Amino acid sequence: MDLIQVKLFSTPTITQNGEIVFLPFRKAEALFYYLLVHQQATRDELVGLLWPEAGEETAKKNLRQAMYKIRKAFDAEVIISPQKSMVMLNPQIPIETDLKTFLEDAERGHELYTGEFLQGFFLKEGNGFEEWLLLKREQYRDQYIARLNRLLEEHYEKNLLEDAEYFGKLIITADPFDERTHRFLMLIYEAQGSFHKALELYRKLADQLWRELGIAPDQETTTLYQQMSSMKKARDKQPEDFFYGRYREINALNHAYHRFTVGEDGKAALLVGEAGVGKSKLKSHFVKSLQEEKLLVLEANCYQAEERDFLKPWQTIFGKLSELLIETDIRIPAHWQNILAYLFPSFAAEKGEIKVNPVEQIDRLKFQVAEEAVLGLLKLISQNKKLVFVFEDLQWMDPMSLSLLSSILLHKEHSPIWLIATCRNSYGKEVDRFIASMSNVQLMEKISLSRFTKPEVEEFISGMFPEHMMTPALKNRVYHETEGNAFFLVEYLNAIRGKGNPEQMSAKIQDVLRCRLLDLSEESMKLLNIASLFFDKVSLRALKILSRKEEMEILDIIEELQSKYILIDTEEEESAFTFTHQKLREFIYLQLSPARRKILHGKVAHLLEQSLQHDHRDRLVYSRLIYHFTHAGNRLAALKYEIMNLDIYLDFSHELFPLLEDEDLEKEKIQWLKEEEALKQFNHINRSLEQFKKDVGEKEEYLALKIMFLHMEGRYYIKEGEYSQGLDVIYQMIEAAHATKNSEYLLKGYRQMIYYGIQVHDIEQMAEYVEKGLALARTLDQQKEMGIFLRLKGLNKIMAGEFDGAEEMLHQSIEIFQRLNRKEDKYSLNIAAAYHYIGEIRRYNMKFSGALHYYEQAIGICEEKNVFRGSTIFYTHGGQAAFDMGDYLRAKNYFKKAIDTYNQLDTLWGRSTAEGYMALLLIKEGDYGGALDSLLRAEKFGEKLKSPYERALLCRVKAEIRVSMKNNKALQKVFSGVLPVEAAVYCKQGIQLLQGIRESYEIDILQVLSRS
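Presented here is a report on the structure given in the accompanying data block.

Here is what the cut-offs are and how they apply
Residues numbered from 1 in each chain as written. Predicted model: local features only at pLDDT ≥ 70, side-chain atom pairs only at ≥ 80, totals over all residues. Heavy atoms only, no water. Helix = DSSP H or I, 4+ residues; strand = E, 2+ residues; numbered from the N terminus. Contact = heavy atoms within 4.5 Å. Core = buried A, V, L, I, M, F, W, Y, C linked by side-chain atoms within 4.5 Å. Buried < 20%, exposed > 50% of the residue type's maximum accessible area, 1.4 Å probe, protein only. Axes fitted to C-alpha atoms, helices over the stretch in contact; angles between N-to-C directions. Left-handed = near helix turned anticlockwise from the far one by under 90°. Nonpolar A, V, L, I, M, F, W, Y, C, P; charged D, E, K, R; others polar. Pairing = 2+ DSSP bridges. Polar contact = N/O pair within 3.5 Å; in protein donor to acceptor, adjacent residues only side chain to side chain. 1 Å grid on protein atoms, 1.4 Å probe; cavity = no way out; pocket = protein on both sides within 12 Å on 5 of 7 lines; lining within 4 Å. Points joined across faces, edges and corners; volume = space filled by probe spheres on them. Parallel < 35°, antiparallel > 145°, perpendicular 65-115°, else oblique. Phe/Tyr/Trp six-rings, centres within 6.5 Å; stacked < 30°, edge-to-face > 60°. Lys NZ or Arg CZ within 6 Å of the ring centre and 35° of its normal. Salt bridge = Lys/Arg side-chain N within 4 Å of Asp/Glu carboxyl O.

Observations regarding the environment of Val 47
Working step 1: Within the fold, Val 47 resides in helix 2 (residues 43-50).
Working step 2: For the pair Val 47 and Ala 59, spaced twelve residues apart in the sequence, the C-alpha separation amounts to 5.7 Å.
Working step 3: Here Val 47 is in contact with Pro 52, Ala 59, Lys 60 and Leu 63, once residues within four sequence places are set aside.

What to know about the nonpolar core
Working step 1: Ranked by internal contacts, the top residues of the largest apolar core, which has 123 residues, are Ile 754, Ile 758, Leu 792, Ile 798, Leu 935, Ile 961 and Phe 975.
Working step 2: Of the residues forming this core, the biggest block, ten residues, is contributed by helix 29 (residues 700-719).
Working step 3: Excluding residues within four positions of it along the chain, Ile 754 makes contact with Met 766, Tyr 769, Val 770, Phe 789 and Leu 792.
Working step 4: Formed by 67 residues, the second largest nonpolar core is a distinct cluster that contains Leu 23, Ile 145, Leu 151 and Leu 201.

Here's the deal with the packing of helix 36 (residues 848-865) against helix 38 (residues 888-902)
Working step 1: For the pair helix 36 and helix 38, interaxial distance at closest approach is 14 Å and the crossing angle is 35°. Judged by the twist between their axes, the crossing of helix 36 over helix 38 is left-handed. Note on element contacts: helix 38 touches helix 36 through Arg 890, Tyr 894 and Lys 897, opposite Leu 852, Glu 856, Ile 859 and Glu 863.
Working step 2: Split by residue class, the contact of helix 36 with helix 38 holds three nonpolar, no polar and four charged.

Digging into the pairing of strand 8 (residues 268-273)
Working step 1: Summarising burial for strand 8: six of the six residues are buried, a large majority.
Working step 2: Burial of the side chains of strand 8 extends over both faces: Ala 268, Leu 270 and Val 272 are buried on one face and Ala 269, Leu 271 and Gly 273 on the other.
Working step 3: Bridge count between strand 8 and strand 13 (residues 444-448): five bridges; the pairing is parallel. From the neighbouring strand, Val 272 faces strand 13, where its bridge partner is Ser 448.

Considerations on the side chain of His 155
Working step 1: Here His 155 is to be found in helix 5 (residues 127-157).
Working step 2: You can call His 155 buried: its relative accessible area is 17%.
Working step 3: Separated by 2.7 Å, the side chain of His 155 and the backbone oxygen of Leu 151 make a polar contact.
Working step 4: His 155 has contacts with Leu 160, Asp 163, Ala 164 and Phe 167, leaving out every residue within four places of it along the chain.

Points about empty space enclosed by the protein
Working step 1: In this structure the tally under the stated criterion is two cavities of 30 Å³ or more.
Working step 2: Of the pockets and cavities examined, the second largest cavity occupies roughly 40 Å³.
Working step 3: Among the secondary structure elements, those contributing two or more residues to the lining of the second largest cavity are strand 16 (576-579) and helix 24 (582-591).
Working step 4: In terms of residue count, the dominant contributor to the lining of the second largest cavity is strand 16 (three residues).
Working step 5: Broken down by class, the residue content of the lining of the second largest cavity amounts to six nonpolar, two polar and three charged.

What about the packing of helix 31 (residues 743-760) against helix 33 (residues 783-799)?
Working step 1: Where helix 31 meets helix 33, the axes come as close as 12 Å, and the angle between the chain directions of the two elements is 20°. Put simply, helix 31 runs roughly parallel to helix 33. Considering the relative orientation of helix 31 and helix 33, their crossing is left-handed. On helix 33, the residues that touch Leu 747, Tyr 750, Arg 751, Ile 754, Tyr 755, Gly 757 and Ile 758 of helix 31 are Glu 785, Ile 788, Phe 789, Leu 792, Leu 795 and Met 799.
Working step 2: A class-by-class count of the residues in the contact of helix 31 with helix 33 yields ten nonpolar, one polar and two charged.

Some remarks on the packing of aromatic side chains
Working step 1: Tallied over the full model, the rule gives 42 aromatic pairs.
Working step 2: Centroid distance Phe 117 to Trp 132: 6.1 Å. Interplanar angle 75°. Geometry classified as edge-to-face. Of this pair, Phe 117 sits in the loop between helix 4 (98-104) and helix 5 while Trp 132 sits in helix 5, placing them 15 residues apart in sequence.
Working step 3: Look at Trp 132 and you get buried, because its relative accessible area is 10%.
Working step 4: Aromatic pair Tyr 166 and Phe 167: ring centres 5.2 Å apart, planes at 65°, arrangement edge-to-face.
Working step 5: Look at Phe 167 and you get buried, because its relative accessible area is 8%.
Working step 6: Above the face of the Phe 102 ring, Arg 147 is positioned so that its terminal group lies 4.6 Å from the ring centre.
Working step 7: Here Lys 924 stacks its cationic end above the ring of Tyr 888, 4.5 Å away from the centre of that ring.

Side note on the sheet that holds strand 3 (residues 19-20)
Working step 1: Across the sheet, which stays open at both edges, the four strands sit in the order 3-2-1-7 with mixed pairing between neighbours. Two strands close off the open sheet at either side, each with one partner strand: strand 3 and strand 7 (95-97).
Working step 2: Note that strand 1 (residues 4-7) and strand 7 share three bridges and pair parallel. Along strand 7, the bridge assignment pairs Ile 4 with Ile 95.

What to know about the sheet that holds strand 12 (residues 417-424)
Working step 1: With parallel pairing, the five strands of this open sheet are ordered in space as 9-11-12-8-13. At either margin of the open sheet sits one strand with a lone partner, and together these are strand 9 (295-301) and strand 13. The average angle at which neighbouring strand axes cross in this sheet is 15°, direction not considered.
Working step 2: Bridging between strand 8 and strand 12 involves five bridges; their strand directions are parallel. Across the sheet, Gly 273 pairs through a bridge with Arg 424, a residue of strand 12.
Working step 3: Contacts between helix 11 (residues 279-288) and the sheet are confined to strand 8, strand 9, strand 11 (386-392) and strand 12, with strand 12 contributing the most and set at about 160° to the helix.

Quick notes on the pairing of strand 11
Working step 1: With seven of its seven residues buried, strand 11 lies for the most part within the structure.
Working step 2: Strand direction decides the pairing type here: strand 9 and strand 11, joined by seven bridges, are parallel. Each bridged residue has a counterpart across the sheet, and for Asn 301 the counterpart in strand 11 is Glu 392.
Working step 3: Strand direction decides the pairing type here: strand 11 and strand 12, joined by five bridges, are parallel. When the bridges of strand 12 are listed, Phe 391 appears paired with Ala 421.

With respect to the pattern of salt bridges
Oppositely charged side chains are able to pair whenever their charged atoms sit close together.
Working step 1: Tallied over the entire structure, the rule returns 45 salt bridges.
Working step 2: Close ionic contact of Arg 141 with Asp 142 constitutes a salt bridge, the shortest N to O distance being 3.6 Å.
Working step 3: Its relative accessible area of 22% is what places Arg 141 among the partly exposed residues.
Working step 4: One connected set of salt bridges, linked through shared partners, spans Glu 522, Glu 523, Lys 526, Lys 549 and Glu 553.

Regarding unusual backbone geometry
Working step 1: Notably, Arg 246 is not glycine yet its phi reads approximately 60°, a positive angle.
Working step 2: Relative to the helices and strands, Arg 246 resides in the loop between helix 9 (219-229) and helix 10 (247-261).
Working step 3: Judged by relative accessible area, which is 9%, Arg 246 ranks as buried.
Working step 4: Phi angles above zero are rare outside glycine, and Gln 442 is one such case at about 60°.
Working step 5: Here Gln 442 shows up in the loop between helix 16 (429-440) and strand 13.

Next up, the structure:
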């Protein structure tokens, strides 16, 4: 029985058996949503709600039409009318809604409230419905907030502060002016020692109240803020490096490391605990103790600001590995170089360029291909050195980096690779899944760090200040103030040493951080304010430009900051500095006024923009640009780089061969971005765009970004098989590009429509957009685009059976690309594509030897340039030509190469054909089981691609097998369940498909087979 599922919170979505259902017009949707809430209604009630202005007869006719359209959309009697005056949902058809679960599940129902009821849905004419909708939205929102308030209070009373904080944040997201919840959150942050969060929360509330309502926070909220912000200051001075205790944890680390060093596959060590508990100190202390000669320690930090920047933590590690390859003169295979150079720009052969085939950027390789390069490199290096990966703050690692780390741990086998990482005890679902999966297969051990006990704090004090005699009462006060948190303990003791009198300090530890800064000069504070803007490190060059000081003056100031253990040198080739602890940076940053932060972030962002190289290396800067432009309040610029950043990691294998023309100096694209993460990124950008439009209207800058986004979104939906939705988006993009005279994206939109026309064999649509693209390219005098559209015009004529005209277009395309290639060797694959199409002309005319000549030219270019994707279709069509001329050995060689390459790619074009013909060849060799497997794979890939031509070829394959089954009982036994009908049926199906495309020699073959 059909299962209908409806999402009513946030943007409404209707699915039937997993497929999205689109209702034909808004009032039909409104009718369906109203019945989902009320289950039934009278006809008078519904027409009054939806068609109040229409006459009674017209309104009821409209209602009947809407009911009919809904039934048609579901192909089921979803709505019934058991009585003439009554309309209701059919109780025999199961319908699941998030609203029903929300209302019935008092404990978990709030999780389904992902946005307001029917968000974004409205009727232009339907005052009654709009009034009902607003009432329902308010009702469900109030229920949602009431539940959250109950959960907030329950968790706060149980001292489950992190959970209470989570519910509080949900409440102020739904109601940003709820001051009671703001005060709750401020108290939670106070209890956690996170005063900077409490103060920043108040500032945001005050700013929002003033901007939106023109009022200030109420007196109770303001008093709480003043209490927190008026805590007394103290001073700080960092003692020499000091480490205390953690004997159990060190023993566990030593045990795991020992097993690793003796080749027993020691488990990776994950140090888990709250912020400031001492994870980083323990990790650094242990890593410093590793003295083995042939040991390579590779360290990297994960930052919250880079949580969405894919593979960022690995850039540092693979940068060091690329330097090691140069130092040790280790050689790696060229295709590894291609993949690693795309993933990690430090592997580029020369500055700014990757010295292998530049058109390879179109390839979206399967995970295992990238995995081969990464694991192969690590295995090669680990032959001479043991490798230890060290990651700080794993909770901020992006999903793609986690996938890579997981792969390394799962496949390291006996390679000498070990991991030690720190992680806060609160982390997201991706990290949770990673830790659980690694622990389940015995590859990781969690080592939990807890706060120091009271006796341990007393020993800590004695060890840190052996010369300082403290009274038991003072030691007791220190313990209660710090609660055994190592970071606060150190800061508190430094403050006592500086002030000597804890009575002069605030009651809570967060303000102790202020004392570290009291004796600093004004110039030192200015420099720290600038440094605090950089979440990872700040270069000397950046400090010089932003502070407008000379280098020597800056270095004098930095020496003072280093002596107070506030900044440390990163000891990199380019002089750069970082804070000794992120909490210090956060604290200094939060002391800056919002206005000053915005100005400084803007300056940093523009400085970073000036450093862009306009090549593959720029993506390493995108996360910083997004971070700084966001905090500078420049949402438009931040959105631009968010789209550019996502575009790098979203490739569209649907287009396969036609996308060969997007040729920048990049290499194979590796798709480690999961669909769930991709959609999350899409939704985030789309929401940001809509908010920007709401705030400023359809300005030119907004439209330019919207066009970029629509292009990416449309291609994504088409890739995922959502053709109708994808094409609608591309139409919108073309219309917007035309209106704004954006020729770059207008050409991209035309090409996208041509690619889709190729797939579904819509020759007329192809011709329309080919001519539009060619005319625009000529107007703009863009030679590359002219070459592309001439090649596509040649293909269009091939598909229409106009072979002479097609060959003329292809030769013109080749001439253009050969001229361009003399300037830049970037267009070889386009030349190969044209040769391939000329080969297709020969094959369609049954001149198989001539066809193979041109296929070989295309294949030769691919092999010379180390191209993966183009070669798949060349091998496949070469195999077809060889098969049809009776050279089965040569045909098998072509198909085997095609299938081997397909197995490394995420592409469908020609794959069904290669597998189908391979099934015929395997039958000729007597390998019936292998042939069946090939045929089933051909079926699967053909169904996904939905190409009429490839489906017709598969009919031919089935017909040939069915004919062979007549006198072969062994073959019958294997294939009878898969091919139940006679050969003539498959022949008829294939002929019908081919006649709908073009006249071709395969029709003659099928007609002969039908008579066999």
